[in-house]
Amino acid sequence: MNYRHIYHAGNFADVMKHALLIPLVRAMQRKDKPFLLLDTHAGIGRYDVRSEQAEKTGEWRDGIGKLLDAPPPALADYVALVRQLGLYPGSPALAAALLRPQDRLIACELHPEDAATLRRTMRAAANVAVHERDGYEAIGAFLPPPEKRALVLIDPPFERTDEFAALEKALLLGWRKLKSGVFVVWYPIKHRAPVRAFFESLKLTPIRDVIAVEFLRRPDTNPIGLNGCGLLIVNPPFGFEDEAAPILAACEAVMGEPGCSSVIERVINE
């Protein structure tokens with residue numbers, strides 16, 4: 001309940017996550033049929049990177065700040081959308097801007113103040129509903145949707161010591177309710193052991209067709225800082241891996257430090 005994303009908005013992890021979210025949404029839109037986008041940990045929707053809180057860390061300057069003037073081609077689409085929406089749009093704002101009239105966004109935020117801010121931020125969007133509730137509980141409440149198609153973004157703050165266990169439980173619940181759903185989980189990489197343990201535990205579940213897309217800004221040798229991040233994707237859309245590769249390469253080129261790397265790994269086969 002103490003996490004505030006304003007201190008980190010627009011950092012390298014946001015850039016990677018949101019740049020990859022765009023092709024995921026557009027992949028869902030290859031079919032005319034509507035879909036639900038469920039954002040389980042939505043935050044406030046928009047962040048002022050010139051605010052006192054954001055400037056305390058200045059993380060956005062090493063993220064989106066490095067891309068605004070001359071983005072690489074693979075990130076140009078993402079940067080154009082950020083410019084259109086203003087620095088810095090969170091995932092619900094980005095998603096709402098991409099949705100077609102027939103698509104829906106449900107954005108969940110547990111913190112009362114942040115939920116109220118998110119509701120104000122999204123009030124002009126006709127196909128967006130904001131709920132003040134636990135994001136993990138929302139997976140059980142809103143799946144399966146009437147559309148029978150869903151993209152579920154699970155982006156917790158990782159304040160809990162058992163966050164990976166909670167993620168596995170939520171993923172299994174969501175998958176059982178909608179086996180064809182596309183589930184996208186953001187996770188931090190400080191050191192490798194917790195991530196590997198999460199992957200190995202997932203392999204013991206009935207969930208199939210899982211990839212991990214990771215960007216390490218620096219080698220993961222210092223477990224104190226955020227060295228990188230990843231997206232674990234259940235049921236990745238056809239062709240997504242080919243779209244993700246140049247985005248990751250661009251992240252390395254612009255935001256990487258010595259020893260940076262990226263990888264697309266198949267965690268569980270179909």
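Rules behind the numbers
Residues numbered from 1 in each chain as written. Predicted model: local features only at pLDDT ≥ 70, side-chain atom pairs only at ≥ 80, totals over all residues. Heavy atoms only, no water. Pairing = 2+ DSSP bridges. Helix = DSSP H or I, 4+ residues; strand = E, 2+ residues; numbered from the N terminus. Axes fitted to C-alpha atoms, helices over the stretch in contact; angles between N-to-C directions. Contact = heavy atoms within 4.5 Å. Buried < 20%, exposed > 50% of the residue type's maximum accessible area, 1.4 Å probe, protein only. Right-handed = clockwise from strand over helix to strand, strands pointing away.

1. Details of the sheet that holds strand β8 (residues 261-268)
The pairing of strands in a sheet happens through backbone hydrogen bonds and is either parallel or antiparallel. Strand order in the open sheet formed by eight strands is β3-β2-β1-β4-β5-β7-β6-β8, with mixed pairing between adjacent strands. The sheet is open, and its two edges are formed by β3 (128-131) and β8, each paired on a single side. With direction set aside, neighbouring strand axes in the sheet form an average angle of 15 degrees. Sheet topology places strand β2 (residues 104-108) next to β3; four bridges connect them, and they run parallel. Looking across to β3, one finds that I106 is bridged to A129. Relative to strand β6 (residues 210-216), helix α9 (residues 240-255) is tilted by about 15 degrees, and along the sheet it contacts β6, β7 (228-234) and β8.

2. Some details on the pairing of strand β5 (residues 182-189)
The buried fraction of β5 is high, at eight of eight residues. Side chains V182, V184, W186 and P188 project from β5 onto one buried face, and the interleaved F183, V185, Y187 and I189 project onto a second face that is buried too. Handedness of the crossover joining strand β4 (residues 150-154) and β5 through helix α7 (residues 163-177): right-handed. Judged from the seven bridges that link them, β5 and β7 form a sheet pairing that is antiparallel. Note that in β7 the partner of W186 across the bridge is L231.

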